[in-house]
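Descriptive structure summary
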Amino acid sequence: MFAKTSFDTGGYSFNTPGQAPGAPAPALSFDVTEADFEQTVLERSLEVPVLLDCWAPWCGPCRSLGPVLEKVVQAYGGRFVLAKLNTDEAPQISAALQIRSIPLVVLFVGGRPVDQFVGAQPEGKIREFIDRHVQPKVSPAEQMRTDAAAAPDAATAEALLKNALALEPGHAGATLDLAERLLDRRALDDAQALLSGVPAAARDDRHAALTARLQLALNRPAGDPQALAARIAANPRDFDARFDLAALLVYDGDFRAAFEQLLEVVLRDKGEQRERARKQLVEWFNACPDADAVGYGRRYLGMYLN
């Protein structure tokens, strides 16, 4: 396998001029020669991965492999291109690549060879080889989701997600991303409209978790947090007060503090109330948007139950 550095050309100098501005884009599959190798393989691989098929007319396995490579490059729709080098007509390139057996297939990325295989391979193996190095094709909406996740502020992120939904109405991922951000700022009516609009067939665990979180935010439990806290301070085993205070904390979005109240119940009781607290914690873990708080809750729940 080639080292991930430019290979030694053995003193051979590539001298083909670059592609003229405004020239049509090269096809997904094309022949390459010693004269244009630098342009069509090395330079092109700075923009898109180039799969170099080193073959010869007398090579039976080469004739079997060629159509499979053609099929795969078309299927990937431009995520890489296929350059075909007749080694009989390219002795200097063959020497530079140190070709000892054909068919040899070399993948170039960023102007250098990064991986290779020798011999005819089935389509599935070739796809596995390509997928190790070629990123999946991302739709505009998916790209906007990625940009939203890295956005410097919530307003920019929401605008990107709304644009994604304008491009691909009903896009499940963008819909849930936007609903979650609306929940974060308690725009509950808008979040509810988004979640309600997701078709039943597209509703997954994340949809269920966001819906559960929405219901918690829509329905404020009865009780006064200060009075409940005073009851707990006076009697740490006032479990009803702990459950009521935990529900109010969840309503306010303070899941970690709510978990702490119920974990105290698990720690202090060995019977009915412990099981009640365990079930409530598991339900709230699924609705909580804070992964750190969930990790904290699960860790201590496991410790207290053992």
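The structure this text deals with has already been given above.
Rules of the game
Residues numbered from 1 in each chain as written. Predicted model: local features only at pLDDT ≥ 70, side-chain atom pairs only at ≥ 80, totals over all residues. Heavy atoms only, no water. Helix = DSSP H or I, 4+ residues; strand = E, 2+ residues; numbered from the N terminus. Buried < 20%, exposed > 50% of the residue type's maximum accessible area, 1.4 Å probe, protein only. Contact = heavy atoms within 4.5 Å. Pairing = 2+ DSSP bridges. Axes fitted to C-alpha atoms, helices over the stretch in contact; angles between N-to-C directions. Parallel < 35°, antiparallel > 145°, perpendicular 65-115°, else oblique. Left-handed = near helix turned anticlockwise from the far one by under 90°. Nonpolar A, V, L, I, M, F, W, Y, C, P; charged D, E, K, R; others polar. Core = buried A, V, L, I, M, F, W, Y, C linked by side-chain atoms within 4.5 Å.

Time to look at the environment of Ala 157. Within the element layout of this structure, Ala 157 appears in helix α6 (residues 154-167). Among the residues examined, Ala 157 registers a relative accessible area of 0% and is labelled buried. On a C-alpha basis, the gap between Ala 157 and Cys 288 in space is 21 Å, while along the polypeptide they are 131 residues apart. Ignoring sequence-local partners within four residues, the contact set of Ala 157 consists of Ala 148, Ala 151 and Arg 181.

Below, the discussion takes up the sheet that holds strand β5 (residues 112-118). Spatially, β1-β3-β2-β4-β5 is the arrangement adopted by the five strands of the open sheet, whose pairing is mixed. Either end of the sheet is taken by a strand with one partner, and the two such strands are β1 (29-32) and β5. The mean angle between the axes of side-by-side strands here comes to 25°, regardless of whether they run parallel or antiparallel. Across six bridges, strand β4 (residues 104-109) lies against β5 in antiparallel orientation.

For the rest of this paragraph, the subject is the environment of Tyr 296. Considering the arrangement of structural elements, one finds Tyr 296 in helix α14 (residues 291-305). Residues Tyr 296 and Ala 179, 117 residues apart in the sequence, show an inter-C-alpha distance of 25 Å. Ignoring sequence-local partners within four residues, the contact set of Tyr 296 consists of Arg 256, Glu 260 and Leu 263.

So, about the packing of helix α7 (residues 172-184) against helix α8 (residues 188-196). Contact geometry of α7 with α8 gives a least axis separation of 8 Å together with a crossing angle of 160°. Taken together, the axis directions place α7 and α8 in an arrangement best described as roughly antiparallel. Where α7 crosses over α8, the handedness of that crossing is left-handed. For the pair α7 and α8, contact is made by Thr 175, Leu 176, Leu 178, Ala 179, Leu 182 and Leu 183 and by Leu 188, Asp 190, Ala 191, Leu 194 and Leu 195, respectively. Classifying every residue of the contact of α7 with α8 by side-chain character gives nine nonpolar, one polar and one charged.

Further remarks concern the nonpolar core. Among the nonpolar cores identified, the biggest contains 27 residues, and Phe 259, Leu 262, Leu 281 and Trp 284 are the most heavily contacted of them. For this core, the secondary-structure elements that each account for two or more residues are α10 (225-234), α11 (239-251), α12 (255-268), α13 (272-287) and α14. Apart from residues lying up to four places away in sequence, Trp 284 is in contact with Leu 216, Ala 246, Ala 247, Val 250, Phe 255, Ala 258, Phe 259 and Leu 262. Membership of the second largest hydrophobic core comes to 22 residues, among which are Phe 30, Val 41, Val 48 and Leu 97.

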